[in-house]
Amino acid sequence: MLHMFESGVLTVYLSGHIDTSNAPQTEKDVFALVQQYAPAQVILDMEELDYISSSGLRIILKLRQRFSGLKLINASTEVYEILDMTGFTEMMTVEKAFRRFDITGCQMIGKGANGKVYRYDRDTIVKVYNPNADLDEIKRERELSRTAFVLGVPTAIPYDVVKVGDCYGSVFELLNAKSFDEMMIDDPTNLEFVVKKTVEIAKILHSTEAPEHLPHQQDITLSWLDIVEPYLEAADFAKLKRLIEELPEKRTMLHGDLHIKNIMQQNDDTLLIDLDTLCSGHPLYEFAFMFNAYKGFGILDENEVERFLGIPAVLVHRIWSRTLEVYFGTDDTAYLSMIEDKCKIIGYLRLMRRVITKGRYDTKEGRALFNACKDKIHELLPKYDTLDF
């Protein structure tokens, strides 16, 4: 019987049919492995199992009596229906098998901290999570998407979990939808439309009171500051901490990674995708992270912005400036410059934290990026006594 034992977990791979003719031998083989390894947990992998009778179900019950954390994984639709109908899905963890997607040759239309988004076909996109992502992370993002949708925020809701190679993915049905960066690549004159719709969806977000269970961006930002503290001058650290702590803590809903790759147009509907960064807090955070996507990534080389979004940096900068003008309803350059400065302070802090947590500080490129951000923050801090606007 195929099996794997690792870190106290025994995984047994079931296959074919388990019925009255072979159940006694199957039971004998399974419990022989249990006696051999004395595992802390047992997992039954049912990917190759086509059918299980009541005789096979009794084997599972005996295992459940001995291992309260027994898990059944990769159950086919047919096997899952048997387990569900007989009540096993209420007694223990039972995970259905996932459809498998092959994204070879598919266009990547978005990239975030937790994965990449691909156009699978004209009607479907799939977010492929990083290899270290687990189901709990996917379930969390699905719940965040559902939360936003229920509260009236236009979002694309994932309707299926799939496997893409060794990674998990979430599938979204987006008929004839195009991301805003695709629209800009196709026709740069879409700029005003893209800006208008970005502002509309941002204002829907920012007029929505976030539920208490969403992460508080102020707490997250203070944790970033703790990470970079050893690299900052004491006076800069103290002032930056005070400015963050004194920034009014609002229950405003924030996307947390709002830029043209994460907004899609489906006919007349503008939809947000990639909501794993959904949080609450002062709108400054939203614009700070938007600033990073549109300008901050290019602090050393503006071509980084073009590489990220796929359109010329000069055009990206125009999207940013017009987004500020339309959102705040002004072309007052002094006022908008003040907002951008405050965005830089938080945006560059995020980039510094990223250099440290990604292990890039010891590289020449990472150190240069970190120091450029640190120097800019040092230059800006004396200009402001509040980050509010």
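Residues numbered from 1 in each chain as written. Predicted model: local features only at pLDDT ≥ 70, side-chain atom pairs only at ≥ 80, totals over all residues. Heavy atoms only, no water.

Visitor: Break down the sheet that holds strand 14 (residues 263-266) for me, citing the residues and quoting the values.
Guide: Taken together, the three strands give an open sheet; going across it, the order is 12-14-15, and neighbouring strands pair in antiparallel fashion. Strand pairing shows two members of the sheet lacking a second neighbour, strand 12 (178-179) and strand 15 (269-272), which therefore form its edges. Where strand 14 lies against strand 15, four bridges are found, and the strand directions are antiparallel. If you follow Gln-266 over to strand 15, its bridge partner there is Asp-269. Relative to the sheet, helix 7 (residues 191-206) contacts strand 14 and strand 15, its axis offset from that of strand 15 by approximately 60°. (Pairing = 2+ DSSP bridges. Helix = DSSP H or I, 4+ residues; strand = E, 2+ residues; numbered from the N terminus. Contact = heavy atoms within 4.5 Å. Axes fitted to C-alpha atoms, helices over the stretch in contact; angles between N-to-C directions.)

Visitor: Account for the pairing of strand 3 (residues 41-52), with residues named and values stated.
Guide: Where strand 2 (residues 9-18) meets strand 3, nine bridges bridge the pair, whose relative direction is parallel. Bridge pairing in strand 3 links Leu-10 to Val-42. Tracing the backbone out of strand 2, into helix 1 (residues 23-37) and back to the parallel element strand 3 gives a crossover that is right-handed. With three bridges connecting them, strand 3 and strand 4 (residues 71-75) associate as parallel partners. Looking at strand 4, one finds that Leu-44 is bridged to Leu-72. Traced from strand 3 through helix 2 (residues 54-66) to strand 4, the parallel crossover comes out right-handed. (Right-handed = clockwise from strand over helix to strand, strands pointing away.)

Visitor: How would you sum up the sheet that holds strand 4? Please name residues and give values.
Guide: The five strands lie next to each other as 1-2-3-4-5, forming an open sheet whose pairing is mixed. Each having just a single partner strand, strand 1 (3-6) and strand 5 (93-96) make up the two edges of the open sheet. Within the sheet, the average angular offset between the axes of one strand and its neighbour, ignoring direction, is 20°. Bridge analysis of strand 4 against strand 5 gives three bridges, and the strand direction is parallel. Residue pairing across strands places Leu-72 opposite Val-94, the latter belonging to strand 5.

Visitor: Please provide a residue-by-residue account of the pattern of salt bridges, values included.
Guide: A complete count under the given rule lists 23 salt bridges for this structure. One salt bridge connects Arg-307 with Glu-304, and the closest N-O pair in it is separated by 2.7 Å. With Arg-307 and Glu-304 both in helix 11 (residues 303-309), this residue pair falls three residues apart, about one helical turn. One salt bridge connects Arg-322 with Glu-325, and the closest N-O pair in it is separated by 2.7 Å. Placement of the pair is Arg-322 and Glu-325 together in helix 12 (residues 313-328), with a separation of three residues, close to one helical turn. Residue Arg-322 is classed as buried on the basis of its relative accessible area of 18%. Residues joined in a network through salt bridges with shared partners are Lys-127, Glu-141, Asp-274 and Asp-276. (Salt bridge = Lys/Arg side-chain N within 4 Å of Asp/Glu carboxyl O. Buried < 20%, exposed > 50% of the residue type's maximum accessible area, 1.4 Å probe, protein only.)

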